[in-house]
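What follows is each chain in one-letter form.
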Amino acid sequence: MSKIEKPAVLVADDNVPTRTLITALLQKDFTVDEAGDGAEAIEKLRTKSYAAVLLDLLMPGMDGYAVLEFLQTHDPGMLRRVLVVTAALTRKDRARTQQYRVFNAISKPFDVDALLGAVRECAGESPSSLGSLLSSGMIFLLADLLQHRWM
């Protein structure tokens, strides 16, 4: 009996605790690759196909907008599978990301259930019970624990 392969998701964020937390939340249902900046994200996007991309906008060097520009030029259809997850989601940022026709944008700190639901919808997956295991208040506790681990 062969093992069913999980859909791949790319998490591009320069904040290690955030990437670790999102990876932990998604790895039950997805194979998760990580990128610490826009250049690394673009390199992974050149070599692998993803069901969804979670993209931070503010990263050092090449930021999330550089990744969006890359996709617009090289793989415009992939933009519909981009979920922007960023702390800097001003009205201007939201309008700018909508010009790329991304799937959606979520502000940090995020609600766990909302994030999981958005990733599943973006990737075309059915709902799972994982989101109900974590309350939205738990996100702060988990982020704090992860931050202390890397400091």
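These numbers come from a predicted model, not from an experiment.

Across its full length, the chain carries 7 helices and 5 strands. For the chain, the sequential pattern of α-helices and β-strands runs β-α-β-α-β-α-β-α-β-α-α-α. Taken over 151 residues, the chain has a buried fraction of 45%. Pairs at least 24 residues apart make up 56% of the contacts formed inside the chain by residues separated by at least 6 positions. Looking at the chain as shown, the accessible area adds up to about 8200 Å², and 52% of this sits on carbon and sulfur atoms.

A few words on the nonpolar core. In this structure, Leu45, Val53, Leu55, Leu68, Leu71 and Val82 are the most contacted members of the largest nonpolar core, which totals 25 residues. The element best represented in this core is helix H3 (residues 64-74), accounting for 5 residues. Apart from residues lying up to four places away in sequence, Val82 is in contact with Val53, Leu55, Leu68, Leu71, Val102, Phe103, Asn104 and Cys122. Core analysis: the second largest hydrophobic core is formed by 22 residues, Leu26, Phe110, Leu116 and Cys122 among them.

With their axes 9 Å apart at the nearest point, helix H2 (residues 38-47) and H3 run at an angle of 25 degrees to one another. As far as their axial angle goes, H3 and H2 are roughly parallel. Note that H2 runs across H3; the crossing there is right-handed. Note on element contacts: H3 touches H2 through Ala66, Val67, Phe70 and Leu71, opposite Gly38, Ala41, Ile42, Leu45 and Arg46. Of the residues that constitute the contact of H2 with H3, the class distribution is 7 nonpolar, 1 polar and 1 charged.

This paragraph deals with the packing of aromatic side chains. Each pair of aromatic rings is reported with the distance of its centres and the angle of its planes. In this structure the tally under the stated criterion is 0 aromatic pairs. Positioned above the aromatic ring of Tyr65, the side-chain terminus of Arg96 is 3.5 Å from the ring centre.

As a further point, take the pattern of salt bridges. Considering all chains together, one arrives at 6 salt bridges under this definition. Asp29 is the salt-bridge partner of Lys28, the closest N and O atoms lying 3.9 Å from each other. Here Asp56 makes a salt bridge to Lys108, at a shortest N to O gap of 3.7 Å. Separated by 52 residues along the polypeptide, Asp56 in the loop between strand S3 (52-55) and H3 and Lys108 in the loop between strand S5 (104-107) and helix H5 (112-123) bring together distant segments of the chain. A single salt-bridge network, built from bridges that share partners, covers Asp13, Asp56 and Lys108.

Cut-offs used in this document
- Residues numbered from 1 in each chain as written.
- Predicted model: local features only at pLDDT ≥ 70, side-chain atom pairs only at ≥ 80, totals over all residues.
- Heavy atoms only, no water.
- Helix = DSSP H or I, 4+ residues; strand = E, 2+ residues; numbered from the N terminus.
- Buried < 20%, exposed > 50% of the residue type's maximum accessible area, 1.4 Å probe, protein only.
- Contact = heavy atoms within 4.5 Å.
- Areas by Shrake-Rupley, 256 points an atom, 1.4 Å probe, with all protein chains shown as cover.
- Core = buried A, V, L, I, M, F, W, Y, C linked by side-chain atoms within 4.5 Å.
- Axes fitted to C-alpha atoms, helices over the stretch in contact; angles between N-to-C directions.
- Parallel < 35°, antiparallel > 145°, perpendicular 65-115°, else oblique.
- Left-handed = near helix turned anticlockwise from the far one by under 90°.
- Nonpolar A, V, L, I, M, F, W, Y, C, P; charged D, E, K, R; others polar.
- Phe/Tyr/Trp six-rings, centres within 6.5 Å; stacked < 30°, edge-to-face > 60°.
- Lys NZ or Arg CZ within 6 Å of the ring centre and 35° of its normal.
- Salt bridge = Lys/Arg side-chain N within 4 Å of Asp/Glu carboxyl O.

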